Amino acid sequence: MGLSDLRREMILAAIAEYDAMGRDAFLDTHGYGRARGYFLIHEGQRYDSKAIAGVAHRGVTGRPLRPEEYSGGRETVARQLIRLGFEVAAPELAIGEHTIENLLLKINSVRTDRSKLTDQPRRHQPLTLLWALGRAAQGQPRLETWARTSAEISALIEKFGHADDRPNPEFPVLKLFHDGLWQLDESDVPAASTSTAQRWMRDHAPIGGLRPWVHTIVTQHADVRAQLVLCLLEKYFQGADYDSLLTAVGLLSTSDAEVSLANGSRTPHRRQSTTMRVIRDSVLAQQIKDLHGHHCQICGVRLRLPNGSYAEGAHIRPVGQPHNGPDEPGNILCLCPNDHVLFDRGALTLTDDLQVFDEVAGQTKGILRLAPQHVINIVHVTYQREAAHQVTWRTNTLSSAVGGVTRDGCR
């Protein structure tokens, strides 16, 4: 079967279905595997091009094409998508034999020992990777001397590791080397298992850093770098001070910190107090917004400004008193300003299966838009919903007590 009858609106409909279902569910439902070559790029997001084209073909024949019914690649799917005005990219062509999928898989497959004190995965390798990602984000050289590498990683382990994590940077670097993520300018590199290996690193003091293909990806693809950072934070740093950690590794500028002004001038009849809080677009919130292409997870709108797109990072469980919610990926949504206000004020809530519920209209609006690598913590969802219902109950109780105040006034 051919793809020549596809139209742009069919592709957009398939993309919308992909966004609503999420990548894995979309591919599993329609029987497709993950793309290894060509990707459709739409509004900053990457889509499996063959799967999108196959599902879009439902608009031609009434049913999606099965993957075995046609071939994908540059001369078929890519050519038709380009003909329809879409951007198509093959990541592996820019980074040799390796793909972005290959890097994501490797990072997710990193194996660490466990802390005997906390029974949590040790943080040596994750901290080493975050250190390297911070260097890439700042445009620093890929390779660094062992003296500086060991000193900076040791300091990170001491500050952000578990209490029983020894500040030994030799082992995480050696493990990442043997996992194919790190380069060392020495031959006969030992395994990361004994004190002999530790002495070898100190004696040889090898220059090292991310492998060229890894560095190319995380330097040229900010969205992929964001996915990696989110993955590492979620997996290894639950409960940690993200701002402090991301600042230490160079992924959050100290200029983004909160600034408060002193009290303003006084007069005999009044005291004027002015406090300014800089709205901080932290790396964590920015990474989540990048993952969603700055589309609101509730309504799908993306605001376009002269200098780019705009969206807001919204905490599901507020971080301030008395809620004390965490500043972590599972507690943050990408929302437009309107839905941010409605969500914060309890007019919109989420069900445990991530349906958006309009508390004012008393009906479901649809499914929360999701993105790979951004997992919503249902505990925070439940907290926000119950908090909204408590506010509604208190308002209704007060209304009855004072004689039935309605939105239109007193009756």
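Before any of the text, the structure's been laid out above.
## Some words on the pattern of salt bridges
Applying the stated criterion across every chain yields a total of 17 salt bridges. Between Arg135 and Glu144 there is a salt bridge, with its nearest N and O atoms 3.2 Å apart. Exposure remark for Arg135: the relative accessible area of 5% places this residue in the buried category. Here Glu144 falls in the buried class, since its relative accessible area comes to 12%. Of the charged contacts, one joins Arg148 and Glu152 as a salt bridge, the two residues approaching to 2.7 Å between their closest N and O atoms. You can see Arg148 and its partner Glu152 sitting in helix H9 (residues 146-160), four residues apart, about one turn around the helix. Assessed through its relative accessible area of 37%, Arg148 is described here as partly exposed. A relative accessible area of 28% means that Glu152 is categorised as partly exposed. Connected via shared salt-bridge partners are Arg63, Arg66, Glu68 and Glu69.

## A word on the pairing of strand S12 (residues 363-367)
Sheet topology note: the strand S11 (residues 355-358)/S12 ladder contains four bridges and is antiparallel. Each residue of the ladder has a partner; that of Val356, found in S12, is Gly366. Counted between consecutive antiparallel strands, the loop separating S11 from S12 contains four residues, among which Gly362 sits at a positive phi close to 70 degrees.

Scoring rules and cut-offs
- Residues numbered from 1 in each chain as written.
- Predicted model: local features only at pLDDT ≥ 70, side-chain atom pairs only at ≥ 80, totals over all residues.
- Heavy atoms only, no water.
- Salt bridge = Lys/Arg side-chain N within 4 Å of Asp/Glu carboxyl O.
- Buried < 20%, exposed > 50% of the residue type's maximum accessible area, 1.4 Å probe, protein only.
- Helix = DSSP H or I, 4+ residues; strand = E, 2+ residues; numbered from the N terminus.
- Pairing = 2+ DSSP bridges.

In short, shape yes, function no, at least from these values alone.
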